[in-house]
Each structure stands twice: as structure tokens, then as C-alpha cells.
Amino acid sequence: MTTEPLFHYLSNEIAELRKVGEQVEQKDRYTYNHSSRVANYAVKTAAKMTLAKEEVKSLMIAAILHDIGKINVPEEVLNKVEKLTDEEFGLLKRHPIDGADMVRKTAYAHIAPIIEQHHERINGSGYPFGLESGDILTEAKIIGVCDTFDAMTEDRSYRKADSAEAAVEEIRRLRGILYDPEVVDAFMEVLSEEGRIRSS
């Protein structure tokens, strides 16, 4: 198998998984283009942190696919206005595992741990496994910060969007608690250069 047909095959696998991601975004009307925005932020943040080319490639694909596991979450849960019940939140908390399992069946199995860990937090309070800083992949830490910012600055079924400045204030407050300081600092540089926030 030459490189070109292999690339075409791998691209088809990603395209199929991306279709799942698009179905998720159609189920949850508040997350249209969410994964693309997260991937864009993540790659720019990784560039600030001088990640290797292959790491950035894996990060980009994982960021695009990070929410595909939500395909298994009922639409009424994704769009619920009221607070989720423990059972409903349990369903939602499975999406990193489900998404990783889907990717493990492809030639991109190596990015499955990134998807699986993108809701882990450095103090061990995240899910699905409660990992702490040293056990969380850098790529997952990057997606975690970018995902949080995008979720906070877009309307959701249960709340209106925060301003970029308010979202940044919250992320900075939790720097070193939930979010890796190096990742937060790099992401702030990206937002500042894009004019989303004032330079500090």
C-alpha cells in the first residue's frame, strides 16, 4: 500500500467519524461548529507551546472528534434546560469513553486517550477517571481549556453565553487548580493576539 492510498483511506475514516460529530452538533443545536472552533484554538495553543508536528496533528484530529461520544446521549439530555439528574449526568460523563472507543476501531487508535481524557482536570476532579496532572496527556489538557472557553462563550440550552473576558477570568481563577498553567498561559496569548481579550 503506497502512502497516497493509505492517506486516502485514513481520511475516509476521519470523514466518517466527523459525520458522527456533525450528527451530535445537529442533536445539540447550541454546539454547531463547536468542535471546529476548539480544534482551531487547540492547534494555535499547541504552537505557542512548541509541540512536535506529529503531536499537533494528533491534537487537531482529537479536538475535531472530541465530542463524538455524545452520539449516544439522548437529545433531550443534551438540550435540557433544567439541571441534569445524577443519572442524566452519568450518561453525559460517558461521552469521552464512548468517543475513545469509536476511535480505537480505526487507524487513529493512538488519539483515543486524548479524547478519553479531555474532561480530566489536574486536581483529579474531572471525569471519567479522576486523573491528576501527571497522568493527563498535554493534548487533553489543551482541549480541556479550549473546550471550556468555547462552551462558556456560546449560548447553551441552560444559560446565555458569557463574554470572552468573563470566561477568561474564570479560567485564570482556576489556573493551577483545574487547568494546567502552561496551557492557560499559551491559550491567553492566542486570545490576546486574536483580539478576543485585552493583553494583560
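What counts and how
Residues numbered from 1 in each chain as written. Predicted model: local features only at pLDDT ≥ 70, side-chain atom pairs only at ≥ 80, totals over all residues. Heavy atoms only, no water. Core = buried A, V, L, I, M, F, W, Y, C linked by side-chain atoms within 4.5 Å. Buried < 20%, exposed > 50% of the residue type's maximum accessible area, 1.4 Å probe, protein only. Helix = DSSP H or I, 4+ residues; strand = E, 2+ residues; numbered from the N terminus. Contact = heavy atoms within 4.5 Å. Expected span 1.5 Å × (residues − 1). Salt bridge = Lys/Arg side-chain N within 4 Å of Asp/Glu carboxyl O. pLDDT = per-residue confidence, 0-100. Axes fitted to C-alpha atoms, helices over the stretch in contact; angles between N-to-C directions. Parallel < 35°, antiparallel > 145°, perpendicular 65-115°, else oblique. Left-handed = near helix turned anticlockwise from the far one by under 90°. Nonpolar A, V, L, I, M, F, W, Y, C, P; charged D, E, K, R; others polar.

Caption draft 1: Representation of the nonpolar core within the structure. In this structure, Leu65, Ile111, Ile142 and Phe149 are the most contacted members of the largest nonpolar core, which totals 43 residues. Taken together, the elements giving at least two residues each to this core come down to helix 1 (3–27), helix 2 (34–48), helix 3 (53–65), helix 7 (112–117), helix 8 (138–152), helix 9 (164–173) and helix 10 (181–193). For this core, the element with the highest residue contribution is helix 8, accounting for seven residues. Among residues more than four places away in sequence, those in contact with Ile111 are Ser58, Ile61, Ala62, Leu65 and Val103.

Caption draft 2: Spatial organisation of helix 2. With 15 residues, helix 2 extends 21 Å between its outermost C-alpha atoms, agreeing within 8% with the 21 Å of an ideal straight helix rising 1.5 Å per residue. Looking only at helix 2, the buried set comprises His34, Ser35, Val38, Ala39, Tyr41, Ala42, Thr45 and Ala46.

Caption draft 3: Summary view of the environment of Ile111. Following the sequence through the fold, Ile111 ends up in the loop between helix 6 (95–104) and helix 7. Using a relative accessible area of 0% as the deciding quantity, one classes Ile111 as buried. In this structure the C-alpha to C-alpha distance between Ile111 and Ala62, which are 49 residues apart in sequence, comes to 6.0 Å.

Caption draft 4: Quick peek at the pattern of salt bridges. Taken as a whole and judged by the stated rule, the model has 15 salt bridges. For the salt bridge of Glu25 with Arg18, the shortest nitrogen-to-oxygen distance reads 3.8 Å. The buried category is assigned to Glu25, whose relative accessible area is 7%. Residues joined in a network through salt bridges with shared partners are Arg37, Asp150 and Glu154.

Caption draft 5: Here's a closer look at the confidence of the model for the protein chain. For the protein chain, the mean per-residue pLDDT works out to 89, and 90% of the residues sit at or above 70. Per-element mean pLDDT across the protein chain ranges from 73 in helix 1 up to 98 in helix 7.

Caption draft 6: Summary view of the packing of helix 8 against helix 10. At their nearest, the axes of helix 8 and helix 10 sit 10 Å apart, and the two run at 50° to each other. Judged by the inter-axis angle, helix 8 sits oblique to helix 10. Helix 10 is crossed by helix 8, and the crossing has right-handed handedness. Residues Lys141, Ile142, Val145, Cys146 and Phe149 of helix 8 pack against Val183, Val184, Phe187 and Leu191 of helix 10. A per-class count over the contact of helix 8 with helix 10 returns eight nonpolar, no polar and one charged.

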